[in-house]
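Analysis of the macromolecular model
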Amino acid sequence: MSVSLNETLISAETVKQHASRESCWIIVHGKVYDVTNFLDEHPGGSKIILKYAGRDATEAYEPIHPPDAITTNLPTSKHLGAIDPATIVAVVKEVSEEEKRRQALLATRPPLDEIVNLHDFEAVARVVLPEKAWAYYSSASDDEITIRENRLAFQRVWFRPRVLRNVAHVDWSTTILGQKSSLPVYISATALGKLGHPDGELNLTRAAGKHGVIQMIATLASCSFDEIIDAGVPGQPFFVQLYVNRDREITKRYVQHAEKRGVKGLFITVDAPQLGRREKDMRLKLIGDTSGAKVQEGQKDVPKDQGVARAISAFIDPSLCWDDIPWFRSITKMPIILKGISTAEDALLAYESGVQGIVLSNHGGRQLDTARSALEILVEVTEALKKRGTTRPFDVFVDGGVRRASDVLKALALGAKAVGVGRAFLYAFCAYGQPGVEKAIQIFRDELEMNMRLLGVRTLSELRPEMVDARALNVHTGAVPEDNLFRTTYQPLALAKFRDSRL
Ligand SMILES: Cc1cc2nc3c(=O)[nH]c(=O)nc-3n(C[C@H](O)[C@H](O)[C@H](O)COP(=O)(O)O)c2cc1C
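The structure presented is a predicted model; accordingly, all values stated were derived computationally and were not measured.

Focus on the overall build of the protein chain
Counting its regular elements, the protein chain contains 19 helices and 16 strands. Taken over the C-alpha trace, the protein chain has a radius of gyration of 24 Å; the compact-globule value for 503 residues is 23 Å, and the two agree within 12%. Taking the principal axes of the C-alpha coordinates as reference, the protein chain spans close to 80 × 60 × 40 Å. Relative to its 503 residues, the protein chain shows a buried fraction of 54%. A separation of at least 24 residues holds for 75% of the contacts in the protein chain among residues at least 6 apart in sequence. Of the roughly 23400 Å² that the protein chain leaves accessible, carbon and sulfur atoms contribute 54%. Of the charged side chains in the protein chain, 64 are positive and 63 negative, and the gap between their average positions amounts to 3 Å.

See the structure below:
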């Protein structure tokens, strides 16, 4: 806790006297704030703030808010000063049995050099993550058909490798929206990184900077936007993901600030006018709440069973439509990419709207369940764009279910410019921090080198649609060899539990 010399010091006793709806003060990171007038504006509802009225709210605040959320949302007149350290009474918190067990598991997790593929990270994360973090990260919508299809789709595409092509030297570097990238892979936006690791998204930033990979910063990152940018190495390229706020002034400020800080691409999420019902996440919210994210508690318009995701996304504007695109083009010169396109029809509309590209994505299976995989959509989108004839650069990206470099090569052969990866990087840092992300990047490199040699391509530009057999992609029945690693890490949905399990 830092206290500057001229800062007003406020005693814990004084703060304690402001513990009501009429006068509500809270302490966050050692500073005292008057949040009385903010209670009804808080996206997570007023009740959760009132729970911490008159006391320290840092622990509940930390995993689900960027550090500067409170300072930017409250007028400076409500920043009252610093808590007087001499008046703080240390509270010894008991570590729960569950947490002790988790720490023990973390200490005995497999050493990083025994991690050989991206599934391994998921298997470790599933064991060492707090239950609520695992539920939020791994969940997908409804029956979770799409999240599973995302994986299976890659296995319905088969390679047609070429031989005798002198593959002594292979190069998998590329450019993405004009930015150099050491991989044809970028880190896709995943929210609330601190639920899974104290350094949150900074694990991604540091590893990406070191290895020339591009990170897309999530609107709902746990670390603040500036904190992430500041953690980058000089010249490190970033993209930013945007959830469009009902208040367009806030959106405009965010976008223009990102551009000023040198961000190289604006990815507007268009597949989330309402967040999907993610039952693993919802179910845990129903079973008491003692740790982790508590944002949904008591929120007025979000019932308690809605999980973390829905509670933090109330600000997203469901009225967003094609007519808004010219406005976005008027407020920024960054390339604009629409993230979450699922049909050739919308891909063509996106092209006509003047944006620079699209991400074919179903949000990692977290939005409309039984939406098709990005890989399947890619085939119809590439055909439609070819038929129309494009006269300006227009990039098509895909994401969802990528766990192997062979997945990446299939997508590129079918016309994708690069591929987004969400969970695999997320699980890598949850299990091992920054070194985990670096290892994940290394695994992609090793697999790309081997697969490119075996496929007979020296550079990514040599990939051709003829190098894959995608005829089965639209066939949603029929046997394929089982993906054992994915099947063992995939956790099936559960049914409602009786309160007394002995009955
Ligand atoms: C935990 C989690 C949080 C996510 N948060 C966001 C988000 O805030 N905004 C967004 O556009 N997409 C979000 N996504 C979707 C990812 O950007 C990406 O589309 C998806 O993760 C790709 O699938 P994969 O996880 O199988 O790689 C999230 C995905 C996960 C798993």
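What follows continues from the structure just given.
Thoughts on the nonpolar core
I358, L360, F425 and F444 are the most contacted members of the largest nonpolar core, which has 121 residues in total. Among the elements that take part in this core, helix α18 (residues 423–455) stands out by supplying 17 residues, more than any other. Not counting chain neighbours up to four residues away, the residues in contact with F444 comprise L118, L183, V185, V402, R404, A405, V408, V421 and F425.

Some remarks on the environment of G436
Mapped onto the fold, G436 is located in helix α18. The exposure class assigned to G436 is buried, which follows from its relative accessible area of 0%. It is 7.2 Å that separates the C-alpha atoms of G436 and L112, two residues lying 324 residues apart in sequence. Sequence-distant contacts of G436, defined by excluding residues within four places in its chain, comprise L112, F121 and A428.

Considerations on a nonpolar patch on the surface
Where nonpolar side chains cluster on the molecular surface, the patch consists of L152, W158 and V480 and spans about 260 Å² of accessible area. The class of V480 is partly exposed, set by a relative accessible area of 31%.

Details of the domain arrangement of the protein chain
Taken domain by domain, the protein chain comprises domain 1 (9–87) and domain 2 (118–489). The centre of domain 1, based on its C-alpha atoms, is set 35 Å off from the matching centre of domain 2.

Re the site of the ligand
The immediate surroundings of the ligand are formed by 22 residues, with S188, A189, T269, D399 and G401 found nearest. The contact in question runs from an oxygen atom of the ligand to an N or O atom on the side chain of S188, over 2.8 Å. Here R423 contributes a backbone N or O atom positioned 2.9 Å from an oxygen atom of the ligand. When the ligand sits alone it has 600 Å² of accessible area, and the protein chains cover 99% of it. A per-class count over the shell around the ligand returns seven nonpolar, 10 polar and five charged.

A closer look at the sheet that holds strand β4 (residues 79–83)
Within the open sheet, the four strands sit side by side as β1-β4-β3-β2. Their pairing is mixed. Edge positions in the sheet fall to β1 (9–10) and β2 (25–28), since each has one partner strand and no second. In terms of strand pairing, β2 meets strand β3 (residues 31–34) through four bridges, oriented antiparallel. Residue pairing for β3: V28 is matched across the bridge by K31.

Overview of the pattern of salt bridges
If charged atoms from side chains of opposite charge come close, those side chains can pair. Counted according to the given criterion, the structure contains 24 salt bridges. Residue E97 is joined to K100 by a salt bridge in which the shortest nitrogen-to-oxygen separation is 3.2 Å. Of this pair, E97 and K100 are both found in helix α5 (residues 97–107), three residues apart, which corresponds to roughly one turn of the helix. The class of E97 is exposed, set by a relative accessible area of 59%. Linking R248 and D324 is a salt bridge whose minimum nitrogen-to-oxygen distance equals 3.4 Å.

Notes on the packing of helix α17 (residues 405–413) against α18
Between α17 and α18, the least distance of the axes is 8 Å, while the angle of their chain directions is 55°. What the angle tells us is that α17 and α18 run oblique. Considering only the axes of α17 and α18, their crossing is right-handed. Contacts from A405, S406, V408 and L409 of α17 reach α18 at F444, E447, L448, N451, M452 and L455. Among the residues forming the contact of α17 with α18, the class breakdown is seven nonpolar, two polar and one charged.

Overview of helix α9 (residues 202–211)
α9 sits mainly inside the fold: eight of its 10 residues count as buried. Inspection of α9 places L202, N203, L204, T205, A207, A208, G209 and H211 among the buried residues, and these make up the whole buried set. Taken together, the buried residues of α9 touch β8 (185–187), β9 (215–217), α10 (225–230), β10 (238–242) and α18. Two residues or fewer after α9 comes G212, characterised by a positive phi angle close to 65°.

Describing the pairing of strand β13 (residues 357–360)
Side chains G357 and V359 of β13 all project onto a buried face; the interleaved residues I358 and L360 project onto the opposite face, where all are buried too. Bridging between strand β12 (residues 336–341) and β13 involves four bridges; their strand directions are parallel. Looking across to β13, one finds that I337 is bridged to G357. Viewed along the sheet, the connection from β12 through helix α15 (residues 344–352) into β13 turns out right-handed.

Focus on the packing of aromatic side chains
The geometry of two aromatic rings is summed up by the distance between their centres and the angle between their planes. This model, assessed by the stated rule, comprises 13 aromatic pairs. When the ring of Y186 is compared with that of F267, the centres are 5.9 Å apart and the planes differ by 45°; the resulting orientation is tilted. Taken as a pair, Y186 in strand β8 and F267 in strand β11 (residues 266–269) lie far apart in primary sequence, 81 residues in all. Taken individually, Y186 and F267 each receive the classification buried, so the pair is uniform in this respect. The interplanar angle of 90° and the centroid separation of 5.2 Å between the aromatic rings of Y351 and F394 together place this pair among those described as edge-to-face. A residue pair is termed long-range when its members are at least 10 positions apart, and Y351 in helix α15 and F394 in the loop between α16 (374–388) and β14 (395–399) qualify at 43 residues. Relative accessible area serves as the criterion here: at 11%, F394 is assigned to the buried category. One aromatic cluster is present, built from ring pairs that chain together Y186, F239, F267 and F397.

The rules behind each value
Residues numbered from 1 in each chain as written. Predicted model: local features only at pLDDT ≥ 70, side-chain atom pairs only at ≥ 80, totals over all residues. Heavy atoms only, no water. Helix = DSSP H or I, 4+ residues; strand = E, 2+ residues; numbered from the N terminus. Rg over C-alpha atoms; globule rule 2.2 N^0.38 Å. Buried < 20%, exposed > 50% of the residue type's maximum accessible area, 1.4 Å probe, protein only. Contact = heavy atoms within 4.5 Å. Areas by Shrake-Rupley, 256 points an atom, 1.4 Å probe, with all protein chains shown as cover. Lys, Arg positive; Asp, Glu negative; His and termini not counted. Charge placed at Lys NZ, Arg CZ, Asp CG, Glu CD. Core = buried A, V, L, I, M, F, W, Y, C linked by side-chain atoms within 4.5 Å. Patch = residues over 30% accessible without salt bridge, like charges linked within 9 Å, V, L, I, M, F, W, Y side chains within 5 Å. Salt bridge = Lys/Arg side-chain N within 4 Å of Asp/Glu carboxyl O. Domains from an automatic or database assignment. Near = heavy atom within 4 Å. Polar contact = N/O pair within 3.5 Å; in protein donor to acceptor, adjacent residues only side chain to side chain. Nonpolar A, V, L, I, M, F, W, Y, C, P; charged D, E, K, R; others polar. Pairing = 2+ DSSP bridges. Axes fitted to C-alpha atoms, helices over the stretch in contact; angles between N-to-C directions. Parallel < 35°, antiparallel > 145°, perpendicular 65-115°, else oblique. Left-handed = near helix turned anticlockwise from the far one by under 90°. Right-handed = clockwise from strand over helix to strand, strands pointing away. Phe/Tyr/Trp six-rings, centres within 6.5 Å; stacked < 30°, edge-to-face > 60°.

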